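Observations on chain architecture
One letter stands for each residue in the lines below.
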Amino acid sequence: MEYGPNWNRAQLKIDAKAAFKRNYGTCVLVGVILSLLSGAVSIVQQRQTDQYYIQWGAVISISLIALLVEILVWNVFAVGGCRFFVENRDYSAPASKLLFGFQGSHYGNVVWVMFLMGLKIFLWTLLLIIPGIIKAYEYMMVPYILAEQPDINQADAFAISRQLMMNQKFDAFVLQLSFIGWYLLAACTCGIVGIFWSVPYYHATEAELYAVLRNDWLQKQNPGYDQGSQGENL
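Position numbers for residues start from 1 in each chain and track the written sequence from start to end. Under the rules for a predicted model, residues below a pLDDT of 70 receive no local features and side-chain atom pairs below 80 are neither given nor counted, while totals for whole chains, interfaces and linings still include all residues. Processing note: side-chain calculations cover all non-hydrogen atoms of the structure and skip hydrogens and water entirely.

1. Let's talk about the environment of Asn6
Structurally, Asn6 can be placed in the segment before α1 (9–22). Only protein chains enter the accessibility calculation, which uses a 1.4 Å probe; a residue is then buried when its area is under 20% of its type maximum, exposed when over 50%, and partly exposed in between. Look at Asn6 and you get exposed, because its relative accessible area is 74%. The spatial distance from the C-alpha of Asn6 to the C-alpha of Gln168 is 8.9 Å, given a sequence separation of 162 residues. Helix and strand definitions follow DSSP, with helices as H or I runs of at least four residues and strands as E runs of at least two, each counted in order from the N terminus.

2. Section: the layout of surface pockets
Here the largest pocket is characterised by a volume of approximately 990 Å³. In this analysis the probe radius is 1.4 Å and the grid spacing 1 Å, with only protein atoms considered; a cavity is a set of points the probe fits into but cannot get out of, a pocket is an open set with protein on both sides within 12 Å along at least five of seven lines, and lining residues have an atom within 4 Å of a point. Around the largest pocket, the lining comprises 33 residues; the ones closest to its centre are Glu70, Trp74, Asn75, Met114 and Met117. Residue assignment for the lining of the largest pocket shows that the elements contributing at least two residues are α2 (24–47), α3 (56–87), α4 (107–127), α5 (129–138), α6 (142–148) and α10 (192–221). In terms of residues, the lining of the largest pocket owes the most to one element, α3, which gives 9 residues. Partitioned by chemical class, the residues of the lining of the largest pocket number 22 nonpolar, 9 polar and 2 charged. Grid points are joined across faces, edges and corners, and a volume is the space filled by probe spheres set on the points. Amino acids are sorted into nonpolar (Ala, Val, Leu, Ile, Met, Phe, Trp, Tyr, Cys and Pro), charged (Asp, Glu, Lys and Arg) and polar (every other residue, Gly among them).

3. Side note on the side chain of Asn75
Within the fold, Asn75 resides in helix α3. Whether two residues are in contact is decided by their heavy atoms: any pair within 4.5 Å suffices. Excluding anything up to four places from it in sequence, Asn75 contacts Glu70, Met114 and Phe115.

4. Comments concerning α10
Between the first and last residue of a helix there are one fewer steps than residues, each counted as 1.5 Å, and that sum is the expected span. The terminal C-alpha atoms of α10, which comprises 30 residues, lie 43 Å apart, in line with the 44 Å expected from a rise of 1.5 Å per residue. For α10, the principal kink sits at Ser198 and spans about 40°; a proline, Pro200, occurs within the next four residues. The buried count for α10 comes to 23 of 30 residues, which makes it a mostly enclosed element. Two axes enter the definition of the bend at a residue: one is fitted to the seven residues ending there, the other to the seven starting there, and the bend is the angle between them.

5. Considerations on the environment of Leu123
With respect to the helices and strands, the residue Leu123 is situated in helix α4. Residues Leu123 and Lys135 lie 12 residues apart in sequence; the distance between their C-alpha atoms is 9.9 Å.

6. Here's the deal with the nonpolar core
With 56 residues, the main nonpolar core has Phe85, Met140, Met141, Leu164 and Leu209 as its most contacted residues. When contributions to this core are tallied by element, the ones reaching two or more residues are α1, α2, α3, α4, α6, α7 (154–165), α8 (169–177) and α10. Looking at this core, the element that brings in the most residues is α10, giving 11 residues. Other than its neighbours up to four places away in sequence, Met140 contacts Ser161, Met165, Ala172, Gln176, Tyr202, Glu206 and Leu209. Here, nonpolar core means buried Ala, Val, Leu, Ile, Met, Phe, Trp, Tyr and Cys residues that are tied together by side-chain atoms lying within 4.5 Å of each other.

7. As for the packing of α7 against α10
Look at α7 against α10: their axes get within 9 Å of each other, and the N-to-C directions meet at 100°. Classified by the angle between their axes, α7 and α10 sit roughly perpendicular to one another. Residues Ile160, Gln163, Leu164 and Met165 of α7 lie in contact with α10, whose contacting residues are Tyr210, Leu213, Arg214, Trp217 and Gln221. Each axis is a line fitted through C-alpha atoms, and for a helix only the stretch in contact is used; angles between axes span 0 to 180 degrees, taken between their N-to-C directions. These descriptions rest on fixed angle ranges, namely under 35 degrees for roughly parallel, over 145 for roughly antiparallel, 65 to 115 for roughly perpendicular, and the rest for oblique.

None of this, on its own, says anything about what the molecule does.
Laid out in structure tokens, this is it:
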């Protein structure tokens, strides 16, 4: 299906659901792995504030370890997850795509660009909460850009993400907000709905959003661009 500049949220979800259901078991597995990794980092970071059980020296050590794990491991898996769900739009992608960021010679660049993204958002958030949120949406597509072109330099990655998200931030926020019912249902079922539906469904929908914005951007850059092709070279 071809999308215009003004994408439709309902159609985006329909396309995401179709891709998700076509490769249901693997999508669920990838979603579980991403959730477990993200949850593990969050738990470690939360434990560092527990002053009743650990001393300040241990707090600092745990903080540094958690930060290193997030930078060197979790961020790279996040890019692999983006690669999986983008490829899963076109065929039943294997779960091994999660390891994409660790493969080849581009691991260092993936780590570096993702680290800079987190640092930029963190610094803007320190300035004021609202600018931090805006920057988070502005750089929302950086992991997807890395997933398709892992050797891209950081300046181009951020510039392209800004262009992709221009005038799209509020619509992307509304798209995320539209999943709140699913996440509430997941909470009410002790995470069961999240594991088997809402988490992979959300990732698939976000990948659809990226594909829409990418294709529209590439079409503007090159009017002869074939939207049916993979966006390997942004």
